[in-house]
Structure formats: structure tokens, C-alpha cells
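Results of the structural survey
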Amino acid sequence: QQSTSIMGHEDCVSKFCNAGWGEVLSRLSPYGYANFGIAFGLGFSVVGAAWGIWLTGSSLVGAAVKAPRIRSKNLISVIFCEATAIYGVIMAIILANKIKKPGDGITT
């Protein structure tokens, strides 16, 4: 049986190099890490905005019960929470467009 080494790593323990998390993560492409980072950034911005809207909305409902005249004045906090999600989406689009295919940025 012939032994092969991938970019200085030792041989895979299993047939598909998935014997453990260390083996999987050590052979993951840098482009995969970049895409995971974009996905996590987008996901956390949307979840954070949703959580902020949930907390702000529930407090606005409680405040509207006690003082109905301030209902429309406090909507600016919900708008700021939505802006956080929009910012995350825009950043994800910009970063996704910056990732090039392997070999696209190489000039000879």
C-alpha cells in the first residue's frame, strides 16, 4: 500500500479523512473557512437583530399600555435593530464577492 501525504499532514486514518474533528478541520480548505465565517457573521447579525427586536418590542408594548402617547416615538429602537441585520446582510454580500475561486488571483 502506497502512503501519501497531503500538504505536510500525516496520512488519513479513515478512508474519507473523517475519523475525528481534528482530521476534518486540518484538511478543510481556507475557502471553506472563509465561507463559514461569512455564514456565521450573517447568522449572528440576524439573530442579534431578532433578539433586539423581541426585547424592544416587548418593552414597547408594556410602555404603550402605561402611556399610549409615546407609542410611535419609541419605534426608532426597532429601526436600529433592523439596521443591524441589514448591515450584516450587506457585509456578507461584500465579503462573499471578495472570495475568489482558487487560481483566479494567481498571475504568472
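Below: a short report on this structure. (Residues numbered from 1 in each chain as written. Predicted model: local features only at pLDDT ≥ 70, side-chain atom pairs only at ≥ 80, totals over all residues. Heavy atoms only, no water.)

Attention shifts here to the overall build of the protein. Regarding its fold elements, the protein presents three helices and zero strands. The linear arrangement of helices and strands in the protein, starting from the amino end, is α-α-α. A burial count over the protein gives 15% of its 108 residues as buried. A separation of at least 24 residues holds for 49% of the contacts in the protein among residues at least 6 apart in sequence. A total accessible area of about 8,700 Å² is found for the protein, and carbon and sulfur atoms account for 68% of it. (Helix = DSSP H or I, 4+ residues; strand = E, 2+ residues; numbered from the N terminus. Buried < 20%, exposed > 50% of the residue type's maximum accessible area, 1.4 Å probe, protein only. Contact = heavy atoms within 4.5 Å. Areas by Shrake-Rupley, 256 points an atom, 1.4 Å probe, with all protein chains shown as cover.)

Let us now look at the environment of Ala-49. Structurally, Ala-49 can be placed in helix 2 (residues 30–66). Sequence separation between Ala-49 and Thr-84 is 35 residues, and the spatial gap between their C-alpha atoms is 5.9 Å. Leaving out residues up to four positions away in the same chain, Ala-49 has contacts with Cys-81, Thr-84 and Ala-85.

Before going further, it helps to spend a moment on the environment of Gly-48. In this fold, Gly-48 is placed in helix 2. For Gly-48, a relative accessible area of 37% corresponds to the partly exposed category.

Its 24 residues place the ends of helix 3 (residues 75–98) 35 Å apart at the C-alpha level, agreeing with the 34 Å of an ideal helix rising 1.5 Å per residue. Considered for burial, the residues of helix 3 that qualify are Val-78, Cys-81, Ala-85, Gly-88 and Ala-92. Turning to helix 3, the residues buried within the fold contact helix 2. (Expected span 1.5 Å × (residues − 1).)

With that out of the way, let us pick up a nonpolar patch on the surface. A cluster of nonpolar side chains, Ile-86, Tyr-87, Ile-90, Met-91, Ile-94 and Leu-95, forms an exposed patch at the surface whose accessible area comes to about 560 Å². Classification of Tyr-87 by relative accessible area gives exposed; the value is 55%. (Patch = residues over 30% accessible without salt bridge, like charges linked within 9 Å, V, L, I, M, F, W, Y side chains within 5 Å. Salt bridge = Lys/Arg side-chain N within 4 Å of Asp/Glu carboxyl O.)

Function cannot be inferred from these measures alone, as they are strictly geometric.
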